[in-house]
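# Report on the structure
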Amino acid sequence: MATEHSFDISAAVDMMEVKNALETTKKEIAARYDFKGLAAEVELNEKEKIITLLSSSDNKIDALKDIVISKLIKRNIPPVAVTESKRESASGGNIKATLKLNDTLDSENAKKITKAIKDAKLKVTAAIRGEEVRVSGKSIDDLQECIRLVKGLNLELPISFKNLK
């Protein structure tokens, strides 16, 4: 039996679930009456992790964004994983909005997490390892308490907990 237990905290987003959410978004747009005959496109640039929305007005862009976020929520991807980076005019009088997927745990947020864990005086150790934080301790109960603590921080990231051993 292992004397040391651990888990990893990261901000990874499952890209397959994002693709599935965007496919169901496209199906809903095709079926909705308020988008009939209008330009309404949703595209994913998987390499840069950018979702592009294209429609005829700001109201339609807002509706598209709401549909995308609701489909992501149904796929267990939190809405904080998506931020709107810019909105601009496109050809043909359309409007283009760019949504960025936030799926990296930057060093600032990793430091916040480790500081909160150390300040809580739990019997665990937290170490930053690249884009994730490794938390280890002797008791699984302490690790579970640490997970509750990190969830309570309300970071603007899609926090996920992996490899609980």
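## A look at the pairing of strand E5 (residues 95-101)
With 5 of 7 residues buried, E5 is to be regarded as a mostly interior element. Where strand E3 (residues 50-55) lies against E5, 6 bridges are found, and the strand directions are antiparallel. Among the inter-strand pairings, Leu54 is bridged to a residue of E5, identified as Lys96. Connecting strand E4 (residues 82-89) to the next strand, E5, in antiparallel fashion are 5 residues, including Gly92 with a positive phi near 75°.

## A word on the pairing of strand E7 (residues 132-137)
Pairing analysis gives 5 bridges linking strand E1 (residues 5-10) to E7, with the strands arranged antiparallel. Each bridged residue has a counterpart across the sheet, and for Phe7 the counterpart in E7 is Val135. The sheet contact formed by strand E6 (residues 124-129) and E7 spans 6 bridges and is antiparallel. Across the sheet, residue Arg129 finds its bridge partner in E7, namely Glu132. Hairpin connection between E6 and E7: a loop of 2 residues separates the two successive antiparallel strands, and Gly130 in this loop has a positive phi of roughly 70°.

## Some points on the packing of helix H1 (residues 15-31) against helix H2 (residues 58-74)
Their axes nearest at 9 Å, the elements H1 and H2 cross at an angle of 135°. In terms of orientation, H1 and H2 fall into the oblique class. For H1 against H2, the interelement crossing comes out right-handed. On the side of H1, the interface is formed by Val18, Ala21, Leu22, Thr24, Thr25, Glu28 and Ile29, while H2 contributes Leu64, Ile67, Val68, Lys71 and Leu72. Here the residues of the contact of H1 with H2 sort into 8 nonpolar, 2 polar and 2 charged.

## Considerations on the sheet that holds E7
If you walk across this open sheet you meet the 4 strands as E6-E7-E1-E8, and the pairing is antiparallel. With one partner strand each, in any of the chains shown, E6 and strand E8 (160-162) form the two edges of the open sheet. In this sheet, adjacent strand axes meet at a mean angle of 25° when their direction is disregarded. Packed onto the sheet, helix H3 (residues 107-119) meets E1, E6 and E7 and runs at close to 170° relative to E6. On top of the sheet, helix H4 (residues 140-151) reaches E1, E6, E7 and E8; it is set at about 15° to E1, its chief contact.

## As for the nonpolar core
Of all hydrophobic cores here, the largest spans 23 residues; its most connected members are Val18, Val42, Ile51, Leu53, Val68 and Leu72. Taken together, the elements giving at least two residues each to this core come down to H1, E3, H2 and E5. Of the residues forming this core, the biggest block, 6 residues, is contributed by H2. In contact with Val18, not counting residues within four places along its chain, are Val13, Leu44, Leu72, Ile77 and Leu101. Judged by nonpolar contacts, the second largest core, of 17 residues, contains Phe7, Ala11, Val124 and Leu155.

Conventions and cut-offs
- Residues numbered from 1 in each chain as written.
- Predicted model: local features only at pLDDT ≥ 70, side-chain atom pairs only at ≥ 80, totals over all residues.
- Heavy atoms only, no water.
- Buried < 20%, exposed > 50% of the residue type's maximum accessible area, 1.4 Å probe, protein only.
- Helix = DSSP H or I, 4+ residues; strand = E, 2+ residues; numbered from the N terminus.
- Pairing = 2+ DSSP bridges.
- Axes fitted to C-alpha atoms, helices over the stretch in contact; angles between N-to-C directions.
- Parallel < 35°, antiparallel > 145°, perpendicular 65-115°, else oblique.
- Left-handed = near helix turned anticlockwise from the far one by under 90°.
- Contact = heavy atoms within 4.5 Å.
- Nonpolar A, V, L, I, M, F, W, Y, C, P; charged D, E, K, R; others polar.
- Core = buried A, V, L, I, M, F, W, Y, C linked by side-chain atoms within 4.5 Å.

Remember, this is a structural readout, not a statement about activity or role.
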